[in-house]
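# Chains, contacts and geometry: an overview
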Amino acid sequence: MSFYILIGVTVCEPGKKELRAMEKILVTTDMSSNSKSAVRLAIKQAVARGAELDILYVYYLIKPFNWTPLAFDVYSAEYKKKTFKELSSFFKRILHEAGDPSVSYKLVLVSDINTTEGIISYALENNCSFICIATRGAGNIKKLFGTHTSKLIGKSPVPVLAVPSNYRLRPLHKILYASDITDYERELKQVVAFARPIGAMIRLLHIRQSYEFTLDPDIVSPSLKKRLNYDIDILTTEREVSNTLLDDIGTVLKKVKPDILVLFTRQHRSLTDKLISSSNAKNSSFESKIPLLTFPKVAD
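Every value quoted in this text rests on a predicted model; they were computed, and no experiment measured them.

## Some words on the overall build of the protein
Scanning the protein for helices and strands turns up 9 helices and 11 strands. By the burial criterion, 50% of the 300 residues in the protein qualify as buried. Within the protein, counting contacts between residues at least 6 apart in sequence, those at least 24 apart form 80% of the total. Total accessible area on the protein stands at roughly 15500 Å², and carbon and sulfur atoms take up 52% of it.

## Concerning the nonpolar core
L53, F91, Y184, L188 and I232 are the most contacted members of the largest nonpolar core, which has 58 residues in total. The element that contributes the greatest number of residues to this core is helix α2 (residues 69-97), accounting for 7 residues. Residues within four places of I232 in sequence aside, it is in contact with L188, V192, I202, L204, S221 and L224. If you look at the next biggest cluster of nonpolar residues, it comprises 16 residues, including V110, I119, Y122 and V160.

## A closer look at the side chain of R208
Tracing the chain through its elements places R208 in strand β8 (residues 201-208). Residues contacting R208, with those up to four places away along its chain left out, are F213, T214, T237, E238 and R239.

## Describing helix α1 (residues 36-49)
Relative to the 20 Å expected for 14 residues at 1.5 Å per residue, α1 spans 20 Å between its end C-alpha atoms, a close match to the ideal helical length. Remark: G50 follows α1 within two positions and exhibits a positive phi of approximately 65°.

## A closer look at the pairing of strand β9 (residues 232-238)
The pairing of β8 with β9 spans 7 bridges and is parallel. Counted as the bridge partner of L205 is L235 from β9. Read as a crossover between parallel neighbours, the route from β8 over helix α7 (residues 217-228) to β9 is right-handed.

## Description of the packing of aromatic side chains
Enumeration according to the criterion identifies 7 aromatic pairs in this entry. The interplanar angle of 65° and the centroid separation of 5.4 Å between the aromatic rings of F130 and F194 together place this pair among those described as edge-to-face. In this pair, F130 sits in strand β5 (residues 130-135) while F194 sits in helix α6 (residues 184-195), placing the two residues 64 residues apart along the sequence. For the pair F130 and F194, a shared accessibility class is recorded, and that class is buried. Centre to centre, the rings of Y177 and F264 are 5.7 Å apart; their planes meet at 70°, and the pair counts as edge-to-face. One end of the pair, Y177, is in strand β7 (residues 174-178); the other, F264, is in strand β10 (residues 260-265), and 87 residues separate them in sequence.

## Quick word on the pairing of β10
A large share of β10 lies buried, amounting to 6 of its 6 residues. Burial along β10 is two-sided: the face carrying I260, V262 and F264 and the face carrying L261, L263 and T265 are both buried. One ladder, built from 3 bridges, connects β7 with β10; its direction is parallel. By the bridge assignment, I175 is partnered in β10 with I260. Bridging between β10 and strand β11 (residues 292-296) involves 5 bridges; their strand directions are parallel. Its bridge partner lying in β11, L263 is registered against T294.

## Notes on the side chain of S35
Secondary-structure assignment places S35 in the loop between β2 (24-28) and α1. Setting aside residues up to four positions removed in sequence, S35 forms contacts with T29, D30, F90 and A134.

## So, the pattern of salt bridges
Under the definition given, this model contains 16 salt bridges. With its nearest N and O atoms 3.8 Å apart, the salt bridge here joins K155 to E117. Taken together, the positions of K155 in helix α5 (residues 147-155) and E117 in helix α3 (residues 115-125) put the pair 38 residues apart, joining distant regions of the chain. For E117, a relative accessible area of 31% translates into the label partly exposed. A salt bridge links R227 to E185; the nearest nitrogen and oxygen atoms lie 2.5 Å apart. Placement of the pair is R227 in helix α7 and E185 in helix α6, with a sequence separation of 42 residues. Each of K24, E52, D54 and K106 takes part in one network of salt bridges that share partners.

Scoring rules and cut-offs
- Throughout this document, residue positions are counted from 1 along each chain, in the order its sequence is written.
- Predicted model: local features are reported for residues with pLDDT of at least 70 only, side-chain atom pairs are reported and counted for 80 or more only, and whole-chain, interface and lining totals are derived from all residues.
- Heavy atoms from the whole structure form the basis of all side-chain values; hydrogens and water molecules are not counted.
- Secondary structure counts use DSSP, requiring at least four H or I residues in a row for a helix and at least two E residues in a row for a strand, with both numbered from the N terminus.
- The rule is simple: take the accessible area with a 1.4 Å probe, protein chains only, and divide by the maximum for that residue type; under 20% is buried, over 50% is exposed, in between is partly exposed.
- The contact criterion used is simple: two residues touch if any of their non-hydrogen atoms lie within 4.5 Å.
- Each accessible area is a Shrake-Rupley result for a 1.4 Å probe, and residues are judged covered by the shown protein chains and nothing else.
- For the purposes of this section, nonpolar cores are sets of buried Ala, Val, Leu, Ile, Met, Phe, Trp, Tyr and Cys residues that join through side-chain atoms within 4.5 Å.
- Residue count minus one, scaled by 1.5 Å, sets the expected span of a helix.
- For two strands to count as paired, DSSP must find a minimum of two bridges between them.
- We call a crossover right-handed when, viewed with the strands running away from us, the connection from the first strand over the helix to the second turns clockwise.
- Stacked, tilted and edge-to-face pairs are distinguished by plane angle, under 30 degrees for stacked and over 60 for edge-to-face with tilted covering the rest, among Phe, Tyr and Trp rings (Trp via its six-membered ring) whose centres lie within 6.5 Å.
- Any carboxyl oxygen of Asp or Glu within 4 Å of a side-chain nitrogen of Lys or Arg constitutes a salt bridge here.

Okay, structure coming up:
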């Protein structure tokens, strides 16, 4: 069971009233330089959305068998005090680099033997809109996502925003939602819920097989706008049989240059199997240079 240390901090510009958070964003960090990109984007989104930001560090201490309970309690208290101080300094440096924006935030230490479960439990118990986590940066898909990121995407009922460690911060104005169109109307409701607070444009991408029907933009776009009260652009393209699905998505990314990619994933399969076949995974040229927002797909 997780043990939570919750310490709230609010930073506001002089003369401004504290913003009441409309939603809560969770960003998890190991305080490494690679995790800074996720924290920077989380700060940017918290400001843009008027949301509260929770900065989470998960740890676990093992009691040496020859230690007394009192000795371990003293050690644990000192460890938490030291770690919280380090987390505070780490975050404040990034906040200062960002220009010390007005943002309501909370630093959180969670003790859990399973890092992924600790993150998910906290996100669920605190009604977080999404979990922000850094990835390793550009590279082969099997090397792209670290263990924690892959496990989060594979298990979390809360959406996961994976941010490349080498990502250069920019506003999320253009969203590309790659869909298999099996449940696109229901999925679009979740995409719109993410996009609406920041006024982002949504483009639905369907990379179709030769035997699949094509969405007609002239019919589908007006219908979706009426139902969702949001403009949805439609883009369809053909699958290239010699490519992985990720390669086809990557080709579109280079053409339309979105700020974020959205996917819905089936969580009973591994991340790699969801997106590309195991036979040609090592040959995939897909590189992630923009954040990837994943939602769990509703079971068939």
